[in-house]
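A look at the structure
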Amino acid sequence: MDNKILSHNQIKHKTERIAYQILEANIDEPEIVVAGIKGGGLVFAKKIIKILQKITDSTITLCQVTMDKKNPLESGVTTSLAESDYRDKSVILVDDVLNSGSTLIYGVHHFLKTPLKQLKTAVLVNRNHKKFPVKADYKGISLSTSLNEHVRVELNGKSDAVYLD
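From a predicted model like this one, the values you see are computed outputs, not experimental measurements. Throughout, a residue's number is its position along its own chain's written sequence, starting from 1. Side-chain atom pairs in this predicted model are given and counted only at pLDDT of 80 or more, local residue features only at pLDDT of at least 70, and totals for whole chains, interfaces and linings cover all residues. Heavy atoms from the whole structure form the basis of all side-chain values; hydrogens and water molecules are not counted.

Helices and strands together make up the secondary structure of the protein, namely 5 helices and 9 strands. Secondary structure elements follow DSSP: runs of H or I of four or more residues count as helices, runs of E of two or more count as strands, with numbering from the N terminus. In sequence order, the secondary structure elements of the protein are arranged as β-α-β-α-β-α-β-α-β-α-β-β-β-β. Along the first, second and third principal axes, the C-alpha set of the protein runs to 45 × 40 × 25 Å. The buried label applies to any residue whose accessible area, calculated with a 1.4 Å probe on protein chains only, is under 20% of its type's maximum; exposed applies above 50%, and partly exposed to all values in between. Buried residues in the protein amount to 48% of all 165 residues. At a minimum sequence separation of 6, the contacts of the protein that also span at least 24 residues come to 68%. In what follows, residue pairs with any heavy atoms lying within 4.5 Å of each other are defined as contacts.

Turning to the environment of Ile 141, a few remarks are in order. Examined against the element boundaries, Ile 141 turns out to sit in strand β7 (residues 138-143). Of the residues examined, Ile 141 reaches a relative accessible area of 19% and is grouped as buried. Counting along the chain gives 44 residues from Ile 141 to Val 97, while the straight-line C-alpha distance between them is 9.8 Å. Apart from the residues within four sequence positions on either side, Ile 141 is in contact with Ile 5, Leu 6, Lys 14, Leu 124, Val 125 and Asn 126.

Counted residue by residue, helix α5 (residues 102-111) has 7 buried out of 10 residues, so it is predominantly covered. Buried within α5 we find Ser 102, Thr 103, Leu 104, Gly 107, Val 108, His 110 and Phe 111. Buried residues belonging to α5 abut β2 (31-37), β3 (59-66), β4 (78-79), α4 (83-86), β5 (90-98) and β6 (118-127).

Looking now at the side chain of Ser 100. Mapped onto the fold, Ser 100 is located in the loop between β5 and α5. Side-chain atoms alone can form a polar contact between residues adjacent in sequence; in general such a contact is a pair of N or O atoms within 3.5 Å, and within protein one must be able to donate a hydrogen while the other accepts it. Within the local environment of Ser 100, its side chain forms a polar contact with the backbone nitrogen of Ser 102, the two atoms lying 3.3 Å apart. Non-local contacts of Ser 100, meaning those with residues more than four positions away in its chain, are made with His 129, Lys 130, Lys 131 and Phe 132.

Below, the structure is given as structure tokens:
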């Protein structure tokens, strides 16, 4: 049975709120790098960027972060931008769901190898049982779920939704 947690309009509202929080924390930055983890994180990052481009004159740069989510240690983490393109800049690492924390922590680890002005994380859904000590600085919703429950995020345009299966 599908249990809808967030509707399209609720996701839109939460995405706007996150974009404004990111702008407030980076109000004096000439450039903000929004790094979306390939998959749902990249789609969510693009939604955030769309809003940021409407509310700020700062340059908003998209960076795609790629890794094997099931085995990030073996696959390694790569980005669509060269290290010099995000060095000494404000970076926001984005994923759709913070589940165990492994994807986000390997992404954070990758960016920490480079001097940055700041590194923050943003997720649409933050699950409160993590295996790794990573937190979301910006989150749409926090859920206390059991390990048997699965959060499914569908970001496909006009019928975006989040379900708890």
